[in-house]
Amino acid sequence: MNLSKTQKLLLNELIDKYEKKQGYGTEQANKRGTIIDVKKFFKNYTHVSNSIFKNEINFELVDLEKKQFIKLQWEKYYEDEYLEKVYLNEAILNEIYSVLGRVPKIEKCKVMRQVLLDFRKTAMETLYTFIDANIEKLERFETPNTMIDLDNISLSLDLLKGLSELITPKDKEISKRQWSIQLYNDSKRWEALESKIISVVKKEIYPEYDGLTTGTILGEFGIIENPKAIDICGYCVMSKDGKEVDFSIDENGIGMYPSFFRHCEIVSIEVERIVTIENKTSYHDYLACFKNSRKKELVIYLGGFHNQIRTTILKKLSKFVQMNNLNIPFYHWGDIDLGGLSILVNLRNKIGVEFKPLLMDEKTYLENIEYGKQVNDSSYFKKIERLLESEPYREFKDLIELLLLNKIIIEQESIDIEKSLDEK
């Protein structure tokens, strides 16, 4: 059966409307049927200076009604002149789908549900909640997450594969280009899928990463632009292949790549505390103060969120401290903002150590507020406010309330380290 362009356009719109209301479970919506307002859909229908368009539309839709695909409702007192509404004939949907060459949404949902069930068999447990939520949506014939394209199974599988492989622990860091080749045998494929995958990571899998840049999140999972060294300074000796490295021999510390830490053994630690620092400049500023201090500290710069590979060294240090019954506390110094607090909590969860906050308290905040950064983003502070509802952030209640009150964040670089450290 041949249909005109206008007839196909209208029927496709009616089918789209019909499919949108599927799964909502509202009996009232189903009773009303699927309707299009003619004047809203055809913008020039009531053009005062030209009735040709209106007459052509009337002709096309009357023909569709004769084919029993639709039911027409004319305006009162203007029968056969002005159309008001068009109703989809839901009794012959299969025939309409066939004429349009479309697959019913219900069938697409059934197929995609099986795709997700198969994917779940090999997926990490971390993804179960996300997968199951979308399986439930598909069972109700609702539209799933945008990562799951009902019209493109191949694309959906590529996105799901990228998501799964991204959060899987890796043995080594890898460049984004090599990562794309490794996954898809295409150096540019990841770039095309990245935004959707990262969106799911932030919104569905790791909400604590919300607000972080894509580069930071990729780095968390070992996908980097270039390999980055881990800087350590303090009285700690490690060995690899029979060769020892003393991290106290230089006042600026020693930078070693993650491959060293994966295979090294810790020989000795002679410090009073271990401190991780978020910012590279602050790391060096801290060391400048630290070298004249009587305290023995092991100071580590790892960057922002500590990725799966970089946490290896922290876990090794923690294990060594525990096995040797050493009373060495762990501290973390970061920005006094959403990211800084999230990184600290993330560290605790990943390493299993109760990192204490350093220079991340109300006193430090108030002493340095004049050097802080004003933030005029209401959505940013809504995210901070939500931290108050989360148990891991309860101890920071007073600090969070200061952030909300002043709308000012404190970056590490702006803190007077020497003055603040003297009081610690």
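Conventions used here
- Residues numbered from 1 in each chain as written.
- Predicted model: local features only at pLDDT ≥ 70, side-chain atom pairs only at ≥ 80, totals over all residues.
- Heavy atoms only, no water.
- Helix = DSSP H or I, 4+ residues; strand = E, 2+ residues; numbered from the N terminus.
- Rg over C-alpha atoms; globule rule 2.2 N^0.38 Å.
- Buried < 20%, exposed > 50% of the residue type's maximum accessible area, 1.4 Å probe, protein only.
- Contact = heavy atoms within 4.5 Å.
- Areas by Shrake-Rupley, 256 points an atom, 1.4 Å probe, with all protein chains shown as cover.
- Lys, Arg positive; Asp, Glu negative; His and termini not counted.
- Charge placed at Lys NZ, Arg CZ, Asp CG, Glu CD.
- Salt bridge = Lys/Arg side-chain N within 4 Å of Asp/Glu carboxyl O.
- Pairing = 2+ DSSP bridges.
- Phe/Tyr/Trp six-rings, centres within 6.5 Å; stacked < 30°, edge-to-face > 60°.
- Polar contact = N/O pair within 3.5 Å; in protein donor to acceptor, adjacent residues only side chain to side chain.
- Patch = residues over 30% accessible without salt bridge, like charges linked within 9 Å, V, L, I, M, F, W, Y side chains within 5 Å.
- Axes fitted to C-alpha atoms, helices over the stretch in contact; angles between N-to-C directions.
- Left-handed = near helix turned anticlockwise from the far one by under 90°.
- Nonpolar A, V, L, I, M, F, W, Y, C, P; charged D, E, K, R; others polar.
- Core = buried A, V, L, I, M, F, W, Y, C linked by side-chain atoms within 4.5 Å.

Q: Explain the overall build of the chain here, please?
A: When helices and strands are counted, the chain shows 19 helices and 16 strands. Relative to a compact globule of 424 residues, whose C-alpha radius of gyration would be 22 Å, the chain shows 30 Å and is clearly more extended. A buried classification covers 46% of the 424 residues belonging to the chain. A separation of at least 24 residues holds for 67% of the contacts in the chain among residues at least 6 apart in sequence. Summed over its atoms, the accessible surface of the chain is roughly 22500 Å², and 47% of this surface lies on carbon and sulfur atoms. Positive and negative charge centroids in the chain, built from 62 and 69 side chains respectively, lie 4 Å apart.

Q: How do you make sense of the pattern of salt bridges when you look at a structure like this?
A: When their charged atoms lie close together, side chains carrying opposite charge are able to pair. According to the stated counting rule, one finds 23 salt bridges in the structure shown. A salt bridge links Arg102 to Glu19; the nearest nitrogen and oxygen atoms lie 3.3 Å apart. You can see Arg102 sitting in the loop between α5 (93–100) and α6 (105–120) and its partner Glu19 sitting in helix α1 (residues 5–21), a full 83 residues away along the chain. Residue Arg102 shares its accessibility class with Glu19, and that shared class is buried.

Q: What exactly am I supposed to notice about the sheet that holds strand β12 (residues 297–301) here?
A: Sheet strands pair by backbone hydrogen bonding; their relative direction is either parallel or antiparallel. Taking strand neighbours across the sheet as the criterion, the 6 strands line up as β9-β6-β12-β11-β13-β14 in an open arrangement whose pairing is mixed. The open sheet has two free edges, formed respectively by β9 (254–256) and β14 (356–357), since each of these has just one partner strand. Of the pairings in the sheet, the one linking strand β11 (residues 273–277) to β12 comprises 5 bridges and is parallel in character. When the bridges of β12 are listed, Val275 appears paired with Val299.

Q: Which parts of the structure should I look at to understand the packing of aromatic side chains?
A: Centre distance and the angle of the planes are the two values used to describe a pair of aromatic rings. Counted under the stated rule, the structure contains 14 aromatic pairs. Relative to Phe42, the ring of Phe41 has its centre 4.9 Å away and its plane inclined at 85 degrees; by these criteria the two rings are edge-to-face. Phe42 gets classed as buried once you look at its relative accessible area, which sits at 6%. Arranged with centres 6.1 Å apart and planes meeting at 45 degrees, the rings of Tyr283 and Tyr301 form a pair that is tilted.

Q: Explain the side chain of Asn279 to me, please; I cannot follow it from the model alone.
A: Its location among the elements puts Asn279 in the loop between β11 and α13 (280–290). Side-chain polar atoms of Asn279 contact the backbone nitrogen of Thr281, separated by 2.8 Å. With residues up to four places along the chain from it excluded, the contact list for Asn279 reads Tyr301, Gln412 and Glu413.

Q: Hey, could you run me through a positive patch on the surface in this one?
A: Positive charge collects at one region of the surface, where Lys17, Lys20, Lys40 and Lys43 lie side by side. Counting through the fold element by element, Lys20 comes out in helix α1.

Q: Would you take a moment to explain the environment of Val201 for this structure?
A: Structurally, Val201 is set in helix α10 (residues 189–205). When its relative accessible area of 0% is taken as the criterion, Val201 is described as buried. C-alpha of Val201 to C-alpha of Leu163: the two residues are 38 residues apart in sequence and 7.6 Å apart in space.

Q: Could you clarify how one ought to interpret the pairing of β11 in this entry?
A: Looking down a regular strand, the side chains alternate between one sheet face and the other. With 5 of its 5 residues buried, β11 lies for the most part within the structure. Residue alternation in β11 divides its side chains into two sets, Arg273, Val275 and Ile277 and Ile274 and Thr276, and both sets are buried. For β11 and strand β13 (residues 330–333), the ladder comprises 4 bridges, and the chain directions are parallel. Of the residues in β13, the one forming a bridge with Val275 is Tyr331.

Q: Can you walk me through the environment of Ile249 in this structure?
A: Along the chain, Ile249 falls in the loop between β8 (243–246) and β9. Residues Ile249 and Leu83, spaced 166 residues apart in sequence, show a C-alpha to C-alpha distance of 87 Å.

Q: Mind showing me how you'd approach the packing of helix α8 (residues 153–167) against α10 here?
A: How two helices pack is summed up by the angle between their axes together with the distance between the axes. Direction vectors running N to C along α8 and α10 enclose 65 degrees, while the axes themselves pass 9 Å from each other. Handedness of the α8/α10 crossing: right-handed. Where α8 abuts α10, its residues Leu155, Asp158, Leu159, Gly162, Leu163 and Leu166 lie against Arg189, Trp190, Leu193, Lys196, Ile197, Ile198, Val200, Val201 and Ile205. Its residues assigned to classes, the contact of α8 with α10 comprises 11 nonpolar, 1 polar and 3 charged.

Q: Help me out: how do you make sense of the nonpolar core in this one?
A: One recurring pattern in soluble globular proteins: nonpolar side chains tend to sit buried together. Grouped together as the largest cluster of nonpolar side chains are 66 residues, with contacts concentrated most on Met238, Phe261 and Leu317. Of all the elements, helix α15 (residues 338–351) adds the most residues to this core, at 6 residues. Non-local contacts of Leu317, meaning those with residues more than four positions away in its chain, are made with Cys236, Met238, Ile266, Ile269, Ile274, Leu298, Ile300 and Phe330. The next biggest cluster of nonpolar side chains, apart from the first, holds 38 residues, and it includes Leu183, Tyr184, Ile197 and Phe221.

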